Amino acid sequence: MARQMTGARMVVQALKDQGVDTVFGYPGGAVLPIYDEIFQQNDIQHILVRHEQGAVHAAEGYARSTGKPGVVLVTSGPGATNAVTGLADALLDSIPIVVLTGQVPTFLIGTDGFQEADTVGITRPCTKHNWLVKETDRLPGILHEAFHVATAGRPGPVLVDIPKDVQFATGTYTAPVKGGSKRYQPQVKGDMTEINELVEALESAKKPIFYTGGGVINSGGAASQLLRELVEATGAPITSTLMGLGAYPGTGKNWLGMLGMHGLYEANMAMHDCDLLIAVGARFDDRITGRTDAFSPHSVKAHIDIDPSSINKVIRVDIPIVGDVAHVLEDMLKVWKSRGRKMNREALTKWWAQIDKWRAVDCLQFRNSDKIIKPQHALQRLEALTKDRDRYITTEVGQHQMWAAQYLTFDEPKRWMTSGGLGTMGYGFPASIGVQMAHRDALVINVAGEASWMMNMQELGTAMQFRLPVKQFILNNERLGMVRQWQQLLHGERYSSSWSESLPDFVKLAEAFGAKGIQCSDPADLDDAIMEMVNHDGPVVFDCLVEKHENCFPMIPSGEPHNKMLLGDAAATDAIQGAGAALV
Amino acid sequence: MNALQIKKGSTKHSAYNLRPTFSDVEEAHTLAVLVDNEAGVLARVIGLFSGRGYNIDSLTVAEVDHTGHLSRITIVTRGTPQVIEQIKAQLGRIVPVHRVHDLTVEGPAVERELALLKVAGAGDKRVEALRLADIFRASVVDSTLDSFVFEITGAPEKIDAFADLMRPLGLIEMARTGVAALSRGSDAYRQGG
Ligand SMILES: Cc1ncc(C[n+]2csc(CCOP(=O)(O)OP(=O)(O)O)c2C)c(N)n1
Ligand SMILES: [Mg+2]
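The rules we used
Residues numbered from 1 in each chain as written. Chains lettered and ligands numbered in written order. Predicted model: local features only at pLDDT ≥ 70, side-chain atom pairs only at ≥ 80, totals over all residues. Heavy atoms only, no water. UniProt positions renumbered as here; feature names shortened; annotations may be inferred. Domains from an automatic or database assignment. Contact = heavy atoms within 4.5 Å. Buried area = accessible area lost by both parts, 1.4 Å probe. Salt bridge = Lys/Arg side-chain N within 4 Å of Asp/Glu carboxyl O. Polar contact = N/O pair within 3.5 Å; in protein donor to acceptor, adjacent residues only side chain to side chain. Helix = DSSP H or I, 4+ residues; strand = E, 2+ residues; numbered from the N terminus. Nonpolar A, V, L, I, M, F, W, Y, C, P; charged D, E, K, R; others polar. Core = buried A, V, L, I, M, F, W, Y, C linked by side-chain atoms within 4.5 Å. Buried < 20%, exposed > 50% of the residue type's maximum accessible area, 1.4 Å probe, protein only. Donors = N, O, S within 2.8 Å, 3.2 Å for Na, K, Ca; no water. Tetrahedral: all angles 85-135°; square planar, octahedral: opposite > 155°, others 65-115°. Near = heavy atom within 4 Å. Areas by Shrake-Rupley, 256 points an atom, 1.4 Å probe, with all protein chains shown as cover. Phe/Tyr/Trp six-rings, centres within 6.5 Å; stacked < 30°, edge-to-face > 60°. Lys NZ or Arg CZ within 6 Å of the ring centre and 35° of its normal. Pairing = 2+ DSSP bridges. Axes fitted to C-alpha atoms, helices over the stretch in contact; angles between N-to-C directions. Right-handed = clockwise from strand over helix to strand, strands pointing away.

You'll find chain B entered in an unreviewed UniProt entry as Acetolactate synthase small subunit, with Primorskyibacter flagellatus given as the organism. Taken verbatim from the UniProt record of chain B, the Catalytic activity (unreviewed entry) comment is "2 pyruvate + H(+) = (2S)-2-acetolactate + CO2". The Subunit (unreviewed entry) comment attached to chain B in UniProt states, word for word, "Dimer of large and small chains."

Here it is in structure tokens:
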């Protein structure tokens, strides 16, 4: 039904029609008409962040924990540029978010007007698509298309730039059409010839492995269910990227743990030695492959991905299948079952025996201490004390992030939110706010490093204002720990600017915002302190003083293949040499 | 060099179209890209090439269907087979891109370019320039007592050859349109579908 209304009202109407209940944002001159409309309704709640970067990460957290697109509203110029990091983050991690930016009126565009920035120009390379709306009549169509593009196919961030005069002017509103924009319809069904070929390869494989990624989670709940069924039925081992944790349960019996640079020994060794590698919604990132010319050298490789450009981008595959993970897995299961559920069971048993030998290395062991809290120990305790709760974890970026991935267990998808592709310090705190907004009664914990946390700590104001009881579990090593580790391994122990100097008193800092602060430095107090955090009905900043020089292992040094993992401190010094040192 | 230099991965070989042979030899390909004629679409295409480190030898763009708001971008690019495959896949991801055709592999195609060359000189050189222009079927579109502007159409190699000949004869300025290309025969890349 077409109706006359202002552009600003169209924005709110379109959000309602798209099922949006929460918008993260920050006002300014160029979006005041939209804020005026938000003020006059109650269906959509606006969460006022303290920095626009926080709004985008919060929207990412909301999106990743719900599967629905996250929505952001910010002003022109600095509002838009502050959102750029979040857009780049969401692009690399394929997170559906819709960012609405105000723009100077159309007649001022190009004049260097106050708070004018070329927002679509700046954000073109860090969005899946973006639009500058020049006529009010086009606004509703573009807004609906924006939601479609953000969520269809491989999800990603989109941005709609709306000049102020377009918001004020009146035009004709149109409701969303079913099925979304005609011009963007990614292929979801996989090619049956390829699927058959993959099933045949699976039936005869001696050493198969599933290598899964964020694409399984993005594909939706059915994809995770089908993956579980397929893995259980075939008996093949499964590993996952950082992005894909939870798609297959971390307590599942075929689970090898995360793979990659800081992945588990058994996972990386199995990837290296397998004869059939089935990549599902994963993109062979350099953190996963290590040295590409030595990556899984003996395997036939199949790749299921909805984005054709992911296939053969980094690693050449033998069986490429373009399609949505859930659709392809469903077909794959059907074919495999109809052909008689065949597997080379004898070989598989041997394969598991080999894997069990690698598992026996127990690569996550560390030397614990009763004097000082080891970060790994802190996470083991956090896991033990919270695993049975309705729990969501976000992280910042650094050593703590890798330890969180190693020592926490995820049995369900959408419970783990971390900046994988861009590695954005400052992601975790605002992301935890977005998650908590979507799951008001859940336990939401941000596993943080002190340095990362300070990059968006202003969001404590947001958490307080909206009574979001997010727990900030800071593993405080007073170091940019991951940087320090690389400097130790790669740069002759010259610790250039990797100290966290002049740290605040985190307890007082929390209290200054009206939040609760807890500090813990004695392993003997840790459990009680964690329970105090968990049981507090409100935001908590937990300053966990940990060992300052702990290194994160296992580790594949840059420029090395999977089977050249470092397991512990002794082996690590001077391990990265030559060309590897140039890699990041 | 492009940023995506990929070393050899698997040792397996195959015959499907998504499976490029991973050769290190660079090839030139002519791509026809049908796009919605909307603001920013050219910037998206060019940004893709610069952002990912791909080569552009030539690029032309113009609206080809006014009612359908469609433009055709013709790109001549160079790269190893897997880079060319990546370029096509990446182009295909751009929302306003309808179709990407690789004219180099999809059958015989004609490629034409137009160039304007200003040749200044007097005496024998001037006569020789005019004579060669005749052989190349270049036409004179402007002349003064000491200069000509030639217009020449043809495959890029023909224009290169003509320019090479004109250089010692007083070539002082040149403008080229870049390549426009169409497949031969009656099949057509229809708008939209
Ligand atoms: C915005 C941003 N700047 C710089 C980096 C590079 N970087 C990666 S990890 C790291 C140190 C993080 O320190 P902290 O948050 O204390 O975590 P830790 O490694 O000590 O656990 C840095 C500086 C980054 N990832 N993101
Ligand atoms: Mg730290």
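Enquirer: How should I be thinking about the domain arrangement of chain A in this particular structure?
Expert: A common way to state how big an interface is: give the accessible area lost once the parts meet. All names here are of chain A. Domain annotation of chain A identifies domain 1 (3-173), domain 2 (192-359) and domain 3 (375-545). A separation of 29 Å is found between the C-alpha centroids of domain 1 and domain 3. The interface is formed by 25 residues belonging to domain 1 together with 27 residues belonging to domain 3. On the domain 1 side of the interface with domain 3, the three residues burying the most area are R50, R64 and S65, jointly 30% of the side's total. At the boundary of domain 1 with domain 3, the tally comes to 0 salt bridges. Across the contact surface, domain 1 and domain 3 share 11 residue pairs in polar contact (both at pLDDT 80 or more). Mapped onto the side of domain 1 that touches domain 3, the elements with two or more residues apiece are strand 2 (22-26), strand 3 (45-48), helix 3 (52-66) and helix 5 (84-92). Of the residues forming the side of domain 1 that touches domain 3, the biggest block, 10 residues, is contributed by helix 3. Of the residues in the side of domain 1 that touches domain 3, the class split is 8 nonpolar, 12 polar and 5 charged.

Enquirer: Is there a simple way to think about the UniProt feature "domain: ACT" (unreviewed entry) in chain B in this case?
Expert: As recorded in UniProt, the feature "domain: ACT" (unreviewed entry) lies at residues 30-105 of chain B. Helix makes up 33% of residues 30-105 of chain B and strand makes up 41%, while its end C-alpha atoms are separated by 9 Å.

Enquirer: Help me out: how do you make sense of the nonpolar core in this one?
Expert: Most often, soluble globular proteins keep nonpolar side chains buried together rather than apart. All names here are of chain A. Grouped together as the largest cluster of nonpolar side chains are 107 residues, with contacts concentrated most on M332, L379, F473 and F542. Per-element accounting of this core gives the leading share, 8 residues, to helix 14 (residues 325-338). Setting aside its immediate chain neighbours within four residues, L379 contacts H400, W403, A404, Y407, L408, V447, F473 and L475. Core analysis: the next-biggest nonpolar cluster, separate from the first, contains 43 residues, V56, W453, F466 and F506 among them.

Enquirer: What exactly am I supposed to notice about the coordination of the magnesium ion (ligand 2) here?
Expert: Four donors placed tetrahedrally about a metal ideally form angles of 109.5 degrees, and six donors placed octahedrally ideally form angles of 90 or 180 degrees. All names here are of chain A. At the metal site, the magnesium ion (ligand 2) is ligated by E450 (OE), E450 (OE), N477 (OD1) and R479 (O), and these contacts range over 2.0 to 2.7 Å. Coordination at the magnesium ion (ligand 2) comes from 6 donor atoms whose angles at the metal span 51 to 174 degrees, giving a geometry best classed as irregular. Sequence spacing of the donors to the magnesium ion (ligand 2): E-x26-N-x1-R. One end of the pair, E450, is in helix 19 (residues 450-455); the other, R479, is in the loop between strand 18 (471-476) and helix 21 (481-490), with 29 residues separating them in the sequence. The residues E450 and R479 share a single accessibility class, namely buried.

Enquirer: I keep staring at helix 5 of chain A and nothing clicks. Help me out?
Expert: Think of an α-helix as 3.6 residues a turn; residues three or four steps apart then line up on the same face. Residue and element names in this part refer to chain A. What helix 5 keeps buried is the set G86, L87, A88, D89 and A90. If you follow the buried residues of helix 5, they end up packed against helix 3, strand 5 (97-103), helix 6 (119-123) and strand 7 (157-163). Two residues or fewer past helix 5, S94 is found with a positive phi of approximately 55 degrees.

Enquirer: Can you walk me through the side chain of S309 of chain A in this structure?
Expert: Summarising the element assignment, S309 of chain A is placed in the loop between strand 13 (300-305) and strand 14 (319-322). Contact partners of S309 of chain A, with chain neighbours within four places excluded, come to Q86, A89, Q90 and R93 of chain B.

Enquirer: Please explain the site of ligand 1 as it appears in this structure.
Expert: Residues and elements named next belong to chain A. Near ligand 1 there are 17 residues, and of these Q399, H400, G423, S452 and G481 occur at the shortest range. A distance of 2.8 Å separates a nitrogen atom of ligand 1 from a polar atom in the backbone of G423. Within the side chain of S452, a nitrogen or oxygen atom sits 2.6 Å from an oxygen atom of ligand 1. The fraction of the free accessible surface of ligand 1 (580 Å²) that becomes covered by protein chains is 75%. Top contributing element to the shell around ligand 1 by residue count: helix 19, with 4 residues.

Enquirer: I tried to follow the packing of aromatic side chains on my own but got confused; where do I start?
Expert: The full count for this structure, using the stated rule, is 15 aromatic pairs over all chains. Arranged with centres 5.9 Å apart and planes meeting at 70 degrees, the rings of W453 of chain A and F506 of chain A form a pair that is edge-to-face. With a gap of 53 residues between them, W453 of chain A in helix 19 and F506 of chain A in helix 22 (residues 506-512) connect regions that are remote in the sequence. Per residue, the accessibility class of W453 of chain A equals that of F506 of chain A, and both read buried. Here F148 of chain B and F150 of chain B contribute two aromatic rings whose centre-to-centre distance is 5.4 Å and whose plane-to-plane angle is 35 degrees, an arrangement assigned as tilted. Looking at F148 of chain B, the relative accessible area reads 7%, which means it is buried. Overall, the relative accessible area of 0% leaves F150 of chain B in the buried class. Among the aromatic residues, those joined into a cluster by ring pairs are F136, F148, F150 and F162 of chain B. The positively charged end of R415 of chain A is found above the aromatic ring belonging to Y392 of chain A, 4.2 Å away from the centroid. It is R126 of chain B that lies over the ring of F148 of chain B; its NZ or CZ is 4.2 Å from the centre.

Enquirer: I tried to follow unusual backbone geometry on my own but got confused; where do I start?
Expert: Only a minority of non-glycine residues have a phi that is not negative, and only a minority of peptide bonds are not trans. Residues and elements named next belong to chain A. Note the cis peptide between F553 and P554, where omega equals -5 degrees. Tracing the chain through its elements places P554 in the loop between strand 20 (540-545) and helix 24 (569-572). One non-glycine residue, D362, lies in positive phi territory at about 55 degrees. Within the element layout of this structure, D362 appears in the loop between helix 15 (345-360) and helix 16 (375-386). The phi angle at S497 is positive, at roughly 55 degrees, despite the residue not being glycine.

Enquirer: Just to check I follow, could you spell out the pairing of strand 20 of chain A for this structure?
Expert: The side chains of a regular strand alternate, residue by residue, between the two faces of the sheet. Residue and element names in this part refer to chain A. Buried residues dominate strand 20, accounting for 5 of its 6 residues. The sheet contact formed by strand 18 and strand 20 spans 6 bridges and is parallel. When the bridges of strand 20 are listed, I474 appears paired with D543. Examined bridge by bridge, strand 19 (residues 516-520) and strand 20 share 5 bridges and lie parallel to one another. Directly across from C520, in strand 20, lies its bridge partner C544.

Enquirer: Looking at this structure, how should I read the sheet that holds strand 12 (residues 276-280) of chain A?
Expert: Either a parallel or an antiparallel arrangement is found when strands of a sheet pair, and the pairing is made through backbone hydrogen bonds. Residue and element names in this part refer to chain A. Overall, parallel pairing links the 6 strands, which are arranged 11-10-9-12-13-14 in an open sheet. Of all strands in the sheet, those with a lone pairing partner are strand 11 (255-258) and strand 14, marking the two edges. Taking each pair of neighbouring strands and ignoring which way they run, the sheet shows an average axis angle of 15 degrees. By the bridge criterion, 5 bridges tie strand 12 to strand 13 in an arrangement that is parallel. The residue bridging I278 from the neighbouring strand is A302, located in strand 13. Across the sheet, helix 14 touches strand 12, strand 13 and strand 14, and the angle it forms with strand 13 is around 130 degrees. Contacts from helix 15 reach strand 9 (208-212) and strand 11, with the element oriented near 45 degrees to strand 11.

Enquirer: Can you walk me through the pairing of strand 7 of chain A in this structure?
Expert: All names here are of chain A. The element strand 7 is extensively covered by neighbouring structure, given that 7 of its 7 residues are classed as buried. Here strand 7 shows no split at all, with P157, L159, D161 and P163 on one side and V158, V160 and I162 on the other all buried. One ladder, built from 4 bridges, connects strand 6 (residues 129-132) with strand 7; its direction is parallel. Within the sheet, the bridge partner assigned to H129 lies in strand 7 and is V158. For the crossover from strand 6 across helix 7 (residues 139-151) to strand 7, the handedness is right-handed.

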